[in-house]
Every structure is written in C-alpha cells, then in structure tokens.
Amino acid sequence: MKKLTLWAGGIIIAIIIFSALNPFVIIPAGERGVVLNWGAVSGEIMEEGLHFRIPIYQQVIKLDVKTLKIETKTLAYSKDIQTVNATLALNYNIKPQSVNKLWQEVGKDYQARLIDPAIQESVKAGVANFTAQELIEARPKVKESIKEELLKRLSVYFNVVEFSITDFSFSDEYEKAVESKQVSQQQALKARNDLERVKLEAEQRLAQAEAEAKAIQIQAQAITQQGGREYVNLKAVEKWDGKLPTQMIPDATLPFINLAK
C-alpha cells in the first residue's frame, strides 16, 4: 500500500508539472503561431491545429491572419491646394508566411507602426495628383492611385484585400464656391436654352411666312395665267348658295350670266 501511494503521488505530481509546463499548443482557425526559441524568432510557423513545443525552451506567439477592417480619417491637399478631409476603409490581412518576420521586425503594434502611417501617407500622395474637381468627378482613378501607394507600403507583410473611399469633403469656402459655380452654370444653361428656343420659334415663324408668301405667289400666277375675270367668277360660283335673288334691280342681269356672250 505504501508503494502504491508513492506511485499515485508521483503520477499526480508528474501530471501537475506536465500541465504547468504546458508542452502542447493549439493554433485556432484563422491564426498562425510564431515559434520563439529562448525568445528568438525562429523560421518555424505553426499552422492551425494542435502542436507540441519544448517547454521553457520554446514559446509560441499567436497572430491573427483573418481579414481585418480599419476605418480612418485623414487630412490631405489636392493638386490645386484645396483642403481635403477623407474618410477611408481598408480591409487587409497579414500574409501567413510572413508572420514571423512581422513579429521579429515590427512586433505586436504593427497597426500603429505600419498600417495607420501607410494609409495617411498613401492618401496624401494619391490626392496630391488630382485637383479638387477631379477628386469629385474621377473617384475610381483616385481610389486606384491611393491603392497603388498602399500596396507599395504594405505588400511586405500584408495583403490589401479591399480599399474604399467612403467620403470626400472640402473646406466650407470651397464648397460654397462650387455651389455658386453650379448655380451660374445652371443659369447660363437656362439662358442658352431660352435663346435656342427663341431662335427656333423665329425660324418656324419665318418658315411659315415664307410658305404663305409662296402660296400667294402661286395663286397670283394662276390668276394671271388663267385670266382674272374667269377666276373671280369661279370663286363667286363656289361661294353661291344656289338661290336666285327675290328682288331684282331694273336692267340688272342675273348673277354669273354674261349676256355679252
């Protein structure tokens, strides 16, 4: 019994020591493990799952490699020296094969030390290539310009999954100037449309007058060619209602009867 008690006690002590040393490590989904040997970063990267480590000698740092999102605001200046307030959203993830280098060269504060400054500088560099008006009218080009700058600055350790500009705003003075310009353009457009409408109406009246004059000319030529009296008699016959007058003036002839003939 004494030996059995000693064996049981030894096993319990061994279990306690084994648990305290914690030789196993689990890397959750979407993470990678950076292996440190006596505190120094090794070339080994642990994938997802259960792994064994040498207690005391090895330490494992877990880094998230899932896609993360950052929303930030930054101040920049356009090509024509207009103040631009930009709101941006960046989706990124750490390159799984680069987690050990990132930890060794940058450490855990990689967002504050790398990503935030990269966004600020990329926005300033990209916005400086465009005027304020182009920033409004050519936003896809502006987005690509900023994204290219981000890729240059972040591609060593990170994948840029998506980048978007959620808002561009300018100084109150510039926005008032833009609004005034738009009003002026609308007024100029209205004036131009009114002028075109007046010209069109004048052309229509002119065309109508020319058509009427042409008709009168043709009618006059017809009268001259066919004989004026016959034309007048024809028009009178067309207007006659077929009734003879009930009273006659002495020595007057009946309508449309030429006694001379």
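Predicted model, so just to flag it, every value in this text is computed and none were measured. For every chain, the first residue of the written sequence is number 1, and numbering continues from 1 onward in sequence order. Local features in this predicted model are restricted to residues whose pLDDT is 70 or higher, and side-chain atom pairs enter the listing and the counts only when it is 80 or higher, whereas totals over whole chains, interfaces and linings include all residues. To get the side-chain values, take all heavy atoms of the structure and skip hydrogens and water.

Visitor: Looking at this structure, I do not really get the overall build of the chain. What am I missing?
Guide: Helices and strands together make up the secondary structure of the chain, namely seven helices and eight strands. Accessible area is worked out with a 1.4 Å probe on protein chains only. A residue is then buried under 20% of its type maximum, exposed over 50%, and partly exposed in between. Each of the 261 residues in the chain was classed as buried or not, and the buried ones make up 25%. What makes two residues a contact is simply this: any of their non-hydrogen atoms within 4.5 Å. Counting only contacts in the chain whose residues sit at least 6 apart along the sequence, the fraction spanning at least 24 positions is 64%. As displayed, the chain offers around 18300 Å² of accessible surface, 57% of which is attributable to carbon and sulfur atoms. Elements are defined by DSSP. Helices are runs of H or I of four residues or more, strands are runs of E of two residues or more, and each kind is numbered from the N terminus. To measure how exposed things are, a 1.4 Å probe is used in the Shrake-Rupley method; for residues, cover is taken only from the protein chains shown.

Visitor: Whenever I open this one, the packing of aromatic side chains confuses me. Can you help?
Guide: For any pair of aromatic rings, the description rests on two quantities: the centre-to-centre distance and the angle between the ring planes. Note on ring pairs: Phe, Tyr and Trp rings are taken, using the six-membered ring of Trp, and paired if centres are within 6.5 Å. Classes follow the plane angle, with under 30 degrees stacked, over 60 edge-to-face and the rest tilted. For the structure shown, the criterion picks out five aromatic pairs. Summarising the aromatic geometry, the rings of W38 and Y57 are spaced 5.3 Å apart at their centres and angled 75 degrees between planes, so their arrangement reads as edge-to-face. Highlighted residues: W38 in the loop between β2 (31–37) and β3 (40–46) and Y57 in the loop between β4 (49–52) and β5 (58–64), separated in sequence by 19 residues. Residue class for W38 comes out exposed when judged on its relative accessible area of 64%. Note on Y57: relative accessible area 28%, which makes it partly exposed. A centroid spacing of 6.3 Å and a plane angle of 75 degrees characterise the contact between Y157 and F158, whose relative ring orientation is edge-to-face. With respect to class, Y157 is no different from F158; both count as buried.

Visitor: I tried to follow the environment of L63 on my own but got confused; where do I start?
Guide: In this fold, L63 is placed in strand β5. The buried category is assigned to L63, whose relative accessible area is 8%. Here the alpha-carbon distance between L63 and I27, two residues 36 residues apart in the chain, equals 9.3 Å.

Visitor: Explanation requested: a nonpolar patch on the surface in the structure shown.
Guide: Distance thresholds for patches are 9 Å for like charges and 5 Å for nonpolar side chains (Val, Leu, Ile, Met, Phe, Trp, Tyr), applied to residues having over 30% relative accessible area and no salt bridge. We define a salt bridge as a side-chain nitrogen of Lys or Arg found within 4 Å of a carboxyl oxygen belonging to Asp or Glu. Together, F24, I26, L50, F52 and I54 make up a nonpolar patch on the protein surface, roughly 520 Å² of accessible area in all. When contributions to the nonpolar patch are tallied by element, the ones reaching two or more residues are β1 (24–27) and β4. Checked against the element boundaries, F24 lands in strand β1. By relative accessible area, F24 is classed as partly exposed at 39%.

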